[in-house]
Amino acid sequence: GQLAAETIGQGAKVSPLGMALVAGAVDSGVYHSPVLVSSPPDKPSASQDPLSGSALHSLRALMRSTVTSGAGQSANVSGDPLVYGQTALVQTGTGRHTQYQSWFVGFRGNVAFTVLIASSSHDISASILAGQFLNALQAAS
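Fair warning: this is a prediction, and the values are worked out from it, not measured in the lab.

At the junction of Asp-80 and Pro-81, the peptide bond is cis and its omega measures out at -5° in the coordinates. Topologically, Pro-81 is positioned in the loop between α3 (53–69) and β1 (83–92).

Relative to strand β3 (residues 111–119), strand β2 (residues 99–108) runs antiparallel, the two sharing nine bridges. Bridging from a neighbouring strand, Val-105 pairs with Thr-114 of β3. Once β2 ends, the chain turns through two residues before running back antiparallel as β3, passing Gly-109 with a positive phi of about 60°.

With that out of the way, let us pick up the environment of Gly-85. Tracing the backbone shows Gly-85 in strand β1. A relative accessible area of 0% means that Gly-85 is categorised as buried. Put simply, Gly-85 and Gly-106 are 21 residues apart on the chain and 3.9 Å apart in space, counted from C-alpha to C-alpha. Those residues within four positions of Gly-85 in sequence are excluded, and the remaining contacts are Met-63, Thr-66, Val-67, Phe-104, Val-105 and Gly-106.

Examined against the element boundaries, Thr-98 turns out to sit in the loop between β1 and β2. Within the structure, Thr-98 has its side chain in polar contact with the backbone oxygen of Gly-95 (distance 3.0 Å). Apart from residues no more than four positions distant in its own chain, Thr-98 is found in contact with Gln-91, Thr-92, Gly-93 and Ser-120.

It is worth spelling out the sheet that holds β3 at this point. Sheet architecture is open: three strands sit in the order β1-β2-β3, paired in antiparallel fashion. In this open sheet, the two strands that pair with only one neighbour each are β1 and β3. In this sheet, adjacent strand axes meet at a mean angle of 10° when their direction is disregarded. Its contacts with the sheet place α3 against β1 and β2, and it is angled at close to 75° to β1. Sitting on the sheet, helix α4 (residues 126–140) touches β1, β2 and β3, and the angle it makes with β3 is about 140°.

Criteria and cut-off values
Residues numbered from 1 in each chain as written. Predicted model: local features only at pLDDT ≥ 70, side-chain atom pairs only at ≥ 80, totals over all residues. Heavy atoms only, no water. Helix = DSSP H or I, 4+ residues; strand = E, 2+ residues; numbered from the N terminus. Pairing = 2+ DSSP bridges. Buried < 20%, exposed > 50% of the residue type's maximum accessible area, 1.4 Å probe, protein only. Contact = heavy atoms within 4.5 Å. Polar contact = N/O pair within 3.5 Å; in protein donor to acceptor, adjacent residues only side chain to side chain. Axes fitted to C-alpha atoms, helices over the stretch in contact; angles between N-to-C directions.

Now the structure itself:
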């Protein structure tokens, strides 16, 4: 039961930053340590070993289908580069103490990001906020 719960995000303890790093690794094919960007870095940091080509192909296809025909369609903003993402709705607690966390983890171009909304209602969607974020990012560039 625990393995099944963790497979869909229940019971797992992962930060939004950690999930954005996962999305960035799926985008680039390698893990990159987080950095605070206040100006362009002098030189790129050394990356880790590349991820498996077949695994990357499968992950990218799954993440793209989430925004084209799945629960993340609200994040599929128009234009290039394409948006890739994954959604989750996690329930914690029971009864009066039930809380929900709606996640959207994704990347577009060289931006990897995570949106997390915590609420007492299950009628929430982080993909809507992700779409708004991507539209604002596009308008700013």
